[in-house]
Amino acid sequence: MFVFRARTFLDPNFVSLPSLVAARLWQTTFGSKAGYLWIHAGASLGAALLGFVCGAAAGFVMGLALSQSAVARGLLKPFIDAFSAVPPILLVPLITLVFGLGTTSKIVTSVYIVFFVVFYNSYKGGRALPEAMTASCRLLGGSRWDIIKTVIVPSAAAWAFAAFPTAIGYALIGVVVAEFFGSPVGLGSIIITSMNTGSATDLMVSILALGVMGSGLVALARLAEQRLLHWRPEYRA
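Read on for a plain summary of the structure.

### Some words on the packing of helix 8 (residues 144–180) against helix 9 (residues 187–197)
Direction vectors running N to C along helix 8 and helix 9 enclose 55°, while the axes themselves pass 7 Å from each other. What the angle tells us is that helix 8 and helix 9 run oblique. At the point where helix 8 passes helix 9, the crossing takes the right-handed sense. Contacts from Val 176, Glu 179 and Phe 180 in helix 8 reach Leu 187, Gly 188, Ser 189, Ile 191 and Ile 192 in helix 9.

This is the structure we're talking about:
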């Protein structure tokens, strides 16, 4: 039914048939052009994964620090708010000019986007604790470091993990957009080449590959959350 509708109502120059997509997917992974898709997908996946890890770590640490320090919050948060208001895609040309067309510019773009997503969740998590909870810890003899380690950090981590699925999608977006600006390898380069040549099949294969990569990364993030936040009620069963 879908094939019939695709043949009847959709322009093949823009939406390829599922049979053609499946054939090209096989051809570029295990067929006559085996390795072609693996190389480009691997380049995008590696840059997105590294950018996500670095951006998430920086966002978590900065969000946690600003949530606990009024001085740092007053000095740095206005600048963070200002930079977060700038659409990241506008900075991609600048990042490309500074770091070139290679992998570095893709990673930096991904880090920049992911940082703000995780930062705001971590910041909120560090400040969302009820005062009664920290007061109870002090009554039980807990030091400031004990409260940070056993109460504040777990709270901020829970909020940060909630942002990970969105951050992973943004990491992939950052890498692909950076690849649009002339990167010789990556799924973004396949997409931009497909647009220029009118190859809807290659375009949809790239989109499908991005979807699979994103789903896999989100599943890994969920697994890490389950292992690291095993104390949460939803993971005790």
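### Concerning the nonpolar core
Core analysis: the biggest nonpolar cluster contains 25 residues, and Phe 52, Ala 56, Phe 60, Val 114, Val 118, Phe 164 and Ala 167 have the highest contact counts within it. Broken down by secondary-structure element, the contributors of at least two residues to this core are helix 3 (36–68), helix 6 (103–127), helix 8 and helix 10 (200–228). Broken down by element, the residue count for this core peaks at 13 residues, all from helix 8. Not counting residues within four places of it along the chain, the set of residues in contact with Ala 56 comprises Val 114, Val 118 and Phe 164. In this structure, Val 21, Leu 37, Ala 47 and Leu 172 belong to the second largest nonpolar core, which totals 16 residues.

### Things to note about the side chain of Lys 77
Counting through the fold element by element, Lys 77 comes out in helix 4 (residues 70–84). Under the relative-accessibility criterion, Lys 77 is labelled buried at 17%. Apart from residues lying up to four places away in sequence, Lys 77 is in contact with Leu 66, Ala 72, Tyr 120 and Tyr 123.

### Considering a nonpolar patch on the surface
On the surface, Leu 94, Leu 97, Val 98 and Phe 99 cluster together into a nonpolar patch covering about 440 Å² of accessible area. Turning to its location among the elements, Leu 94 is positioned in helix 5 (residues 88–99).

### What to know about the packing of helix 3 against helix 10
Between helix 3 and helix 10, whose axes approach to 11 Å, the crossing angle comes to 40°. One finds that helix 3 runs oblique with respect to helix 10. At the point where helix 3 passes helix 10, the crossing takes the right-handed sense. Every residue of helix 10 that contacts helix 3 at Leu 37, Ala 41, Ser 44, Leu 45 and Leu 49 is listed here: Val 205, Met 213 and Leu 217. Along the lines of polarity and charge, the residues of the contact of helix 3 with helix 10 split into seven nonpolar, one polar and no charged.

Rules and cut-offs
- Residues numbered from 1 in each chain as written.
- Predicted model: local features only at pLDDT ≥ 70, side-chain atom pairs only at ≥ 80, totals over all residues.
- Heavy atoms only, no water.
- Axes fitted to C-alpha atoms, helices over the stretch in contact; angles between N-to-C directions.
- Helix = DSSP H or I, 4+ residues; strand = E, 2+ residues; numbered from the N terminus.
- Parallel < 35°, antiparallel > 145°, perpendicular 65-115°, else oblique.
- Left-handed = near helix turned anticlockwise from the far one by under 90°.
- Contact = heavy atoms within 4.5 Å.
- Core = buried A, V, L, I, M, F, W, Y, C linked by side-chain atoms within 4.5 Å.
- Buried < 20%, exposed > 50% of the residue type's maximum accessible area, 1.4 Å probe, protein only.
- Patch = residues over 30% accessible without salt bridge, like charges linked within 9 Å, V, L, I, M, F, W, Y side chains within 5 Å.
- Areas by Shrake-Rupley, 256 points an atom, 1.4 Å probe, with all protein chains shown as cover.
- Salt bridge = Lys/Arg side-chain N within 4 Å of Asp/Glu carboxyl O.
- Nonpolar A, V, L, I, M, F, W, Y, C, P; charged D, E, K, R; others polar.

That's the geometry; what it means functionally is another story.
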